[in-house]
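Secondary and tertiary structure notes
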Amino acid sequence: MSTVPITLTVNGERHELEVEPRLLLVHLVRDRLGLTGTHVGCDTSNCGACTIHLDGEAVKSCTVLAVQADGAEVTTIEGMASPDGTLHPLQQAFWDDHALQCGYCTPGMIMSAADLLARNPDPSEEEVRHGLEGNLCRCTGYHNIVKAVRSAAKMQSGGTMTTPAPPQGAGQTAEAVAEGIKP
Ligand code: FES
Ligand code: FES
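Parameters at a glance
Residues numbered from 1 in each chain as written. Chains lettered and ligands numbered in written order. Predicted model: local features only at pLDDT ≥ 70, side-chain atom pairs only at ≥ 80, totals over all residues. Heavy atoms only, no water. Helix = DSSP H or I, 4+ residues; strand = E, 2+ residues; numbered from the N terminus. Buried < 20%, exposed > 50% of the residue type's maximum accessible area, 1.4 Å probe, protein only. Contact = heavy atoms within 4.5 Å. Axes fitted to C-alpha atoms, helices over the stretch in contact; angles between N-to-C directions. Parallel < 35°, antiparallel > 145°, perpendicular 65-115°, else oblique. Left-handed = near helix turned anticlockwise from the far one by under 90°. Arc of directions from axis to C-beta. Salt bridge = Lys/Arg side-chain N within 4 Å of Asp/Glu carboxyl O. Core = buried A, V, L, I, M, F, W, Y, C linked by side-chain atoms within 4.5 Å. Pairing = 2+ DSSP bridges.

A few words on the overall build of the protein chain. From N to C terminus, the protein chain includes six helices and five strands. Each of the 183 residues in the protein chain was classed as buried or not, and the buried ones make up 40%. Taking as baseline every contact in the protein chain between residues at least 6 positions apart, the subset at least 24 positions apart corresponds to 55%.

Now the structure itself:
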C-alpha cells in the first residue's frame, strides 16, 4: 500500500514518518514510536485507554488516523512527567490516593483528567465523574480516581502536595517486595 509523509511532534520531539493512510494514531504511537504507555482496550472508541492529547485536547487515539495528526503536537502519558522525573500532579495524586489497581486504564484516565483540569481547574466530584465518563476502569476503582483528580486540582492550585511515597519496590528485587508484603 502507498504511504503518506507526515510530520508531527510527540512529547516535544519532532518526527518525520511515512505512514499508510489507514494507520491509526494509537498504532503509530505504540508501534512506530514505542510509546507503549498508551493502551488499547477496545479499538472501538469505548474504553478511553488510548487517550492522548492532540494539539492540547484529549482524543481517543484509536479514533484518529495518523495522517490526521500531520503537523500536530501530540502528548502521551510518557510526556506528562517533568524531564527531571518529577511526576505530573495527576500522576502523583493517583499514586498517593491509590487510584489504580491493574493500571491498564490509568494512562488514559490521566490524559482525560489533565484535559478536564485544563478546562476546569476546580471541578466538583460530579464534574470529574462527568468528565471521565468516556474512560472505563475494569477494576472499577472510580472512587479513588475521582478523589485523585480532585487532589491534583488542589495541588495545581497551590495547595499542599502530600509527601511522595517512595516507589514501591524501588531498588528492590521482586522477591524482596513480595517478602515485604507477606503477612
Ligand atoms: Fe481507544 Fe478503547 S482503545 S477507546
Ligand atoms: Fe484496572 Fe482501571 S485500574 S482497569
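Here the narrative resumes.
This brings us to the packing of helix H2 (residues 89-96) against helix H3 (residues 106-119). Interaxial distance between H2 and H3 falls to 10 Å at its minimum, and their mutual angle equals 125°. In terms of orientation, H2 lies oblique with respect to H3. Relative to H3, the crossing made by H2 is right-handed. Residues Leu-90, Gln-91 and Phe-94 of H2 touch H3, and the partners they reach there are Thr-106, Met-109, Ile-110, Ala-113, Ala-114 and Leu-117.

Attention now goes to helix H1 (residues 25-32). All buried positions along H1 are accounted for by Leu-25, Val-26, Leu-28 and Val-29. On an axial view of H1, the arc spanned by its buried residues comes to 165°, and they lie on one face. Summarising the contacts, the buried residues of H1 are in contact with strand E1 (4-10), strand E2 (13-19) and strand E3 (51-54). One or two steps after H1, the chain reaches Gly-34, where phi turns positive at roughly 70°.

Quick look at the pattern of salt bridges now. Opposite charge on two side chains allows them to pair when their charged atoms are near. Following the criterion strictly, the structure yields four salt bridges and no others. Taking the shortest distance from any N to any O, the salt bridge between Arg-22 and Glu-20 comes out at 2.6 Å. Of the residues examined, Glu-20 reaches a relative accessible area of 26% and is grouped as partly exposed. We note a salt bridge from Glu-125 to Arg-129, for which the minimum N-O separation is 3.1 Å. One end of the pair, Glu-125, and the other, Arg-129, are both in helix H4 (residues 125-131), four residues apart, so they sit about a helical turn from each other.

This next bit is on the nonpolar core. Grouped together as the largest cluster of nonpolar side chains are 24 residues, with contacts concentrated most on Leu-90, Phe-94, Met-109, Leu-132, Ile-145 and Val-149. Not counting chain neighbours up to four residues away, the residues in contact with Ile-145 comprise Phe-94, Ala-99, Met-109, Leu-132 and Cys-137. In terms of nonpolar packing, the next biggest core, distinct from the first, is built from 18 residues, Leu-17, Leu-35, Leu-54 and Val-74 among them.

We now examine the pairing of strand E4 (residues 57-60). By the bridge criterion, four bridges tie E3 to E4 in an arrangement that is antiparallel. For Thr-51, the partnering residue across the bridge sits in E4 and is Lys-60. Counting the residues that bridge the hairpin from E3 to E4 gives two residues, and of these Asp-55 lies at a positive phi of roughly 50°.

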